[in-house]
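Chain by chain, the residues run as shown.
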Amino acid sequence: MSQQDIRPAPKGFTPEQWDTFMADGFLVIEDAMSDDDVGRYRDAVDQLWRDGGNYPDKNLGAQNIVEKHPTFVELIDPPRHVGYVYDVYGELLKMILSHALVRTRGAWHNAWHPDGARLVPYGVYTDQPMQIKIGLWLTDLPEPGMGNFVCLPDSHRSQALDAYTTHESLEGERILQCQAGTMTMMHGSIWHRVEDNETDIPRKNIFLSYSPSWVVAADRHTSDPEWLDTVGREQRIIMRSYSNGYTNHKPPKDDSPLFLDRDTGLDIDAGADEKIPVGIRKRKTTIEKFRERDLVRH
Ligand SMILES: O=C(O)CCC(=O)C(=O)O
């Protein structure tokens, strides 16, 4: 693959957005999606819901949806969000989960928990997010009591919460009230729960989780090779469908660069050793560069 065919990384975090994200563990971007995109994604979620057998009264929780519905392939690496997760995980970016949800009146909903490992949470090792979950919101949620997502801002630094496993409402919690078309980003260690849905409006959304490639995927071991042959280069790389586990730590050289540097259009950082071949030559993440330049607090 010649370097001309490789895209520069799409736009991602501003230093201010990164600091808000790291201070709260959560970031909201309103009007992130066009009405057309919201409509297409909602139709595809509805199709999975109808085909899955729970329609119309019970929840949908369909996983690995990028493989299950052609509309969702574009959600692996859309310019709308892939640059943000690339800023954090850089050349080792991997999608670990794609998840479509419908939450209906009175149905089961999650109690307080963080994502990822519980016995030894990610936060034991690092305060950096070992997982970022992008939320795409497909129905208007103007009020609480609509199956809303709820988080406790700034709780991602804590590995314990008295309300763990309960549905208690906590002081300081943030009940997400938003319009369809909103995108959210969630630090994997933040404590969160789900509101009961007391309405007849089913809450519909999509979650897309990303990690470094050496974190095990949550919704598959590997992807169907025939499906993988149909997707674009960056999409195939980001799925990290490697049959040998250690390849997730040291991907094949053709899977690098995933993207070129957004600012320079190069696959090498300033000052890096040109003798070292692409693929094993370290590339900095945007967040590392923000820190080097003292642009961020976290
Ligand atoms: O559906 C939601 O709002 C949150 C679901 C949840 O708790 C999770 O994805 O870990």
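Located above this text is the structure these notes cover.
None of the values given here were measured: they were computed from a predicted structure. (Residues numbered from 1 in each chain as written. Predicted model: local features only at pLDDT ≥ 70, side-chain atom pairs only at ≥ 80, totals over all residues. Heavy atoms only, no water.)

**A word on the nonpolar core**
Applied cut-off: In this description, a nonpolar core means a group of buried Ala, Val, Leu, Ile, Met, Phe, Trp, Tyr and Cys residues linked to one another through side-chain atoms lying within 4.5 Å. Categorising residues by exposure relies on relative accessible area from a 1.4 Å probe, with only protein chains included: less than 20% of the type maximum marks a residue as buried, more than 50% marks it as exposed, and the intermediate range marks it as partly exposed. Contacts are residue-level and defined by heavy atoms, with any inter-residue pair within 4.5 Å sufficient.
Membership of the largest hydrophobic core comes to 52 residues, with the highest contact counts inside it found for Phe 72, Met 185 and Ile 206. Apart from the residues lying within four places of it in its own chain, the contact partners of Phe 72 are Tyr 41, Ala 44, Val 45, Leu 48, Ile 65, Val 66 and Ile 206. Counting residues in each nonpolar core, the second largest holds 12 residues, with Trp 137, Leu 176, Cys 178 and Ile 190 among its members.

**Let's talk about the environment of Pro 252**
Stated precisely, the cut-off is as follows: A run of H or I in DSSP counts as a helix once it spans at least four residues, and a run of E counts as a strand once it spans at least two, with each numbered from the N terminus.
Checked against the element boundaries, Pro 252 lands in the loop between α6 (233–239) and α7 (286–292). Sequence separation between Pro 252 and Tyr 242 is 10 residues, and the spatial gap between their C-alpha atoms is 9.5 Å. When sequence neighbours within four positions are dropped, the list of residues in contact with Pro 252 reads Tyr 242 and Thr 247.

**Focus on the site of the ligand**
What counts here: Nearness is judged by heavy atoms alone; a residue qualifies as near a molecule or strand once a single heavy atom is within 4 Å of it. For the purposes of these results, a polar contact is taken to be a pair of N or O atoms within 3.5 Å, where, inside protein, one atom must be able to donate a hydrogen and its partner to accept one; residues adjacent in sequence count only when each atom of the pair is a side-chain atom. We get accessible surface area from the Shrake-Rupley algorithm with a probe of 1.4 Å; when it comes to residues, only the shown protein chains can shield them.
Inspection of the region around the ligand gives Arg 103, Asn 110, His 113, Asp 115, Lys 133, Phe 149, His 192, Val 194, Arg 203 and Phe 207 as its neighbouring residues. Asn 110 has a polar side-chain atom sitting 3.1 Å from an oxygen atom of the ligand. A distance of 2.7 Å is found between an oxygen atom of the ligand and a side-chain nitrogen or oxygen belonging to Arg 203. Considering the ligand on its own, with 290 Å² of exposed area, one finds that the protein chains cover 94% of that surface. Taken together, the elements giving at least two residues each to the shell around the ligand come down to β8 (192–194) and β9 (203–212).

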